[in-house]
Amino acid sequence: KMEAKVDAAVASNDHAALASVFSPLGGWQSLGQGEQRVLASYFIRKAVTTAGFLPAAFASDQAMSAFAAALGHLPPTVEGAADNKLRESMFEYKVSEEDDYSGAALILAGLRMDDAEGSVYYMSAADRCDVFVKIAECYLEEDETVEADGAVTKAGMVVESIPDPENHTALILRYKSTYARVLDSNRKFLQAASRYHDLSQSNTDLVDADDLLQMLGKAATCAILAPSGPQRQRVLGLVYKDERLSQLDSLPEFETTSEVLTKMYMNQVLRKDEALLKFEKGLPLHAQAVMGDGLTIIERAVLEHNMVAVSKIYASIYFTELGKLLGVEADKAERVAAKMVMDGSIHASIDEVDGILSFQGKGSPLVQWDESITSFCLQLNRVTDVIRGI
């Protein structure tokens, strides 16, 4: 009797009738748990196999409530994995017609996936990776970074088991791009910069040159925002030495990025000039957040960079003078210096009585002199190369 009602409702696109069958007070509540699962499975198979029923039914709240009830009461296996087919169709509809990315991600997350080849729910490693990447991409569209992180982590666990990665280059690039975006959104800028730069070096016809340049711009931005330290300097160097860096000037969102990055890499003191203000204005929202110390991410990055730059110029400096150089109060300059000394970003000692910051060399004067000569020669070579190219 219930199956006949489902048949009639699906054949006539009677969504109200379906809602009445599968509602909390509907007729199927009189059935036992096993019978409910059988009916739910029957309805899902009927919906998927009846021409013209989908995707029109997805626009109906009544039909969607019936789908939700049925998907929540399925047996361990549905013939032909019809429930997965329904979820995939529903996912496509929510993304393309409703722009409901969170809802689409939740639908796709319910897919039943098995790595046993005899299972009706068998999916290859590449297919499972694709599902997790799609889920992460949807969550990123809604800035739900925690959920995106969870999904891309699952993708990472699967991508390594793809037996023929050379046949899934596009998927692997999507995974790497999504992973970089997740790191970026979670403000793990150093790791994101490295990932973006690797992507910008991709040697494949699958990625347009303009997209590769965008990746380089994001790598540069994340490198600038990353916490000060040797690893950051290494990534800054990788981006600085990229011959395409100057091309970023032609992109509105990266118009002054190369200028700011070059000054950082060359350990020059950054002033709050037009270039820095333009760079800051173009940052995405998650990178404009005010942190616990009252500074924005870029303010902290510039402050830490300038502290390192000052350490290259001065042997010691009063905090009152340091504050003027950095554009902050003396006590804030002292707090930042103390933090950077503690984490090893600068080698210095603090005299709190006299208010002096004394910088310490990393080696003997002879070694430091040697390093200075080497640095000067490298910079002179770069200038010479530029002049020759004019």
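Residues numbered from 1 in each chain as written. Predicted model: local features only at pLDDT ≥ 70, side-chain atom pairs only at ≥ 80, totals over all residues. Heavy atoms only, no water.

**Quick notes on the overall build of the protein**
- In terms of regular secondary structure, the protein is built from 18 helices and three strands.
- Taken over C-alpha atoms, the radius of gyration comes to 29 Å for the protein, far larger than the 21 Å a tight globule of 390 residues would show.
- Taking the principal axes of its C-alpha atoms as reference, the protein extends roughly 90 × 50 × 35 Å.
- If you take every contact in the protein between residues at least 6 apart in sequence, the share linking residues at least 24 apart comes to 59%.
- Charge separation in the protein, taken as the distance between the mean sites of 37 positive and 57 negative side-chain charges, equals 2 Å. (Helix = DSSP H or I, 4+ residues; strand = E, 2+ residues; numbered from the N terminus. Rg over C-alpha atoms; globule rule 2.2 N^0.38 Å. Contact = heavy atoms within 4.5 Å. Lys, Arg positive; Asp, Glu negative; His and termini not counted. Charge placed at Lys NZ, Arg CZ, Asp CG, Glu CD.)

**Observations concerning the pairing of strand β3 (residues 356-359)**
- Sheet topology places strand β1 (residues 316-318) next to β3; three bridges connect them, and they run antiparallel. Within the sheet, the bridge partner assigned to Tyr318 lies in β3 and is Ile356.
- Where strand β2 (residues 348-351) lies against β3, four bridges are found, and the strand directions are antiparallel. Pairing of Ala348 across the sheet is with Phe359, part of β3.
- The hairpin turn running from β2 into β3, its antiparallel successor, is four residues long, and Gly355 in that turn takes a positive phi close to 70 degrees. (Pairing = 2+ DSSP bridges.)

**Observations concerning the pattern of salt bridges**
- Scanning all chains against the criterion turns up 17 salt bridges.
- Here Arg45 makes a salt bridge to Glu79, at a shortest N to O gap of 3.9 Å. Pair noted here: Arg45 is in helix α3 (residues 33-49) and Glu79 is in the loop between α4 (61-71) and α5 (82-98), with a separation of 34 residues, a long-range link.
- Given a relative accessible area of 60%, Glu79 falls into the exposed group. (Salt bridge = Lys/Arg side-chain N within 4 Å of Asp/Glu carboxyl O. Buried < 20%, exposed > 50% of the residue type's maximum accessible area, 1.4 Å probe, protein only.)

**Regarding the side chain of Glu280**
- For Glu280, the position within the fold is in helix α14 (residues 274-281).
- The residues touching Glu280, leaving out its near neighbours within four places in the chain, are Lys272, Gln288, Thr296 and Ile298.

**Concerning the packing of aromatic side chains**
- All chains considered together, the criterion is met by seven aromatic pairs.
- When the ring of Phe58 is compared with that of Tyr93, the centres are 5.6 Å apart and the planes differ by 55 degrees; the resulting orientation is tilted. Here the residue Phe58 occupies a position in the loop between α3 and α4, and Tyr93 occupies one in helix α5, the gap between them amounting to 35 residues. Accessibility classification places Phe58 together with Tyr93 in one group, the buried group.
- One aromatic cluster in this structure is built from Phe22, Phe43, Phe53, Phe58, Phe67 and Tyr93. (Phe/Tyr/Trp six-rings, centres within 6.5 Å; stacked < 30°, edge-to-face > 60°.)

**With respect to the sheet that holds β3**
- Here we have three strands laid out as an open sheet, ordered β1-β3-β2, and antiparallel in their pairing. Among the strands making up the open sheet, the edge pair consists of β1 and β2. Adjacent strand axes in the sheet meet at a mean angle of 15 degrees, parallel and antiparallel pairs treated alike. (Axes fitted to C-alpha atoms, helices over the stretch in contact; angles between N-to-C directions.)

**As for the packing of helix α6 (residues 101-109) against helix α7 (residues 125-141)**
- Across the interface, α6 lies against α7 with an axial gap of 8 Å and an inter-helix angle of 160 degrees. Classified by the angle between their axes, α6 and α7 sit roughly antiparallel to one another. Considering how the two elements wind past one another, α6 and α7 form a crossing that is left-handed. Listed contacts from α7 to Tyr101, Ser102, Ala104, Ala105, Leu106, Leu108 and Ala109 of α6 are Val131, Lys134, Ile135, Cys138, Tyr139 and Glu141. (Parallel < 35°, antiparallel > 145°, perpendicular 65-115°, else oblique. Left-handed = near helix turned anticlockwise from the far one by under 90°.)

**Looking at the state of the cysteines**
- Enumeration over the complete set of coordinates arrives at zero disulfides.
- Unpaired in this structure, Cys138 has its nearest cysteine sulfur neighbour in Cys129, at a distance of 15 Å.
- Look at Cys138 and you get buried, because its relative accessible area is 4%. (Disulfide = S-S within 2.5 Å.)

**Considering helix α2 (residues 15-22)**
- Taken as a whole, α2 has its buried residues at His15, Leu18, Ala19, Val21 and Phe22. Viewed along the axis of α2, the buried residues span an arc of 160 degrees, placing them on a single side of the element. (Arc of directions from axis to C-beta.)

**Concerning the nonpolar core**
- Counting residues in hydrophobic clusters, the biggest one holds 40 residues, and the most contacted among them are Leu225 and Leu261.
- Within the residue set of this core, elements represented by two or more residues are α9 (169-185), α10 (189-200), α11 (209-225), α12 (230-240), α13 (257-265), α14 and α15 (297-313).
- Examining the composition of this core, we find that nine residues originate from one element, α11, more than from any other.
- Those residues in contact with Leu261, other than ones at most four positions away along the chain, are Ala220, Ala223, Ile224, Leu236, Val239, Tyr240 and Leu245. (Core = buried A, V, L, I, M, F, W, Y, C linked by side-chain atoms within 4.5 Å.)

**With respect to a negative patch on the surface**
- Side chains of Glu97, Asp99, Glu141, Glu142 and Asp143 sit close together on the surface and give a patch of like negative charge.
- Its place among the elements puts Glu141 in helix α7.
- Glu141 sits in the partly exposed class, given a relative accessible area of 46%. (Patch = residues over 30% accessible without salt bridge, like charges linked within 9 Å, V, L, I, M, F, W, Y side chains within 5 Å. Areas by Shrake-Rupley, 256 points an atom, 1.4 Å probe, with all protein chains shown as cover.)

**Examining the environment of Glu144**
- Its place among the elements puts Glu144 in the loop between α7 and α8 (145-159).
- In contact with Glu144, not counting residues within four places along its chain, are Ser102 and Tyr139.

**Looking at the packing of α3 against α5**
- Relative to each other, α3 and α5 sit at 55 degrees, their axes nearing to 9 Å. Our classification of the angle between α3 and α5 gives oblique. Every pair of crossing elements has a handedness; the one defined by α3 and α5 is left-handed. Facing Ile44, Arg45 and Val48 of α3, the residues of α5 in contact are Ala82, Asp83, Lys85 and Leu86.
- Taken together, the residues that form the contact of α3 with α5 break down as four nonpolar, no polar and three charged. (Nonpolar A, V, L, I, M, F, W, Y, C, P; charged D, E, K, R; others polar.)

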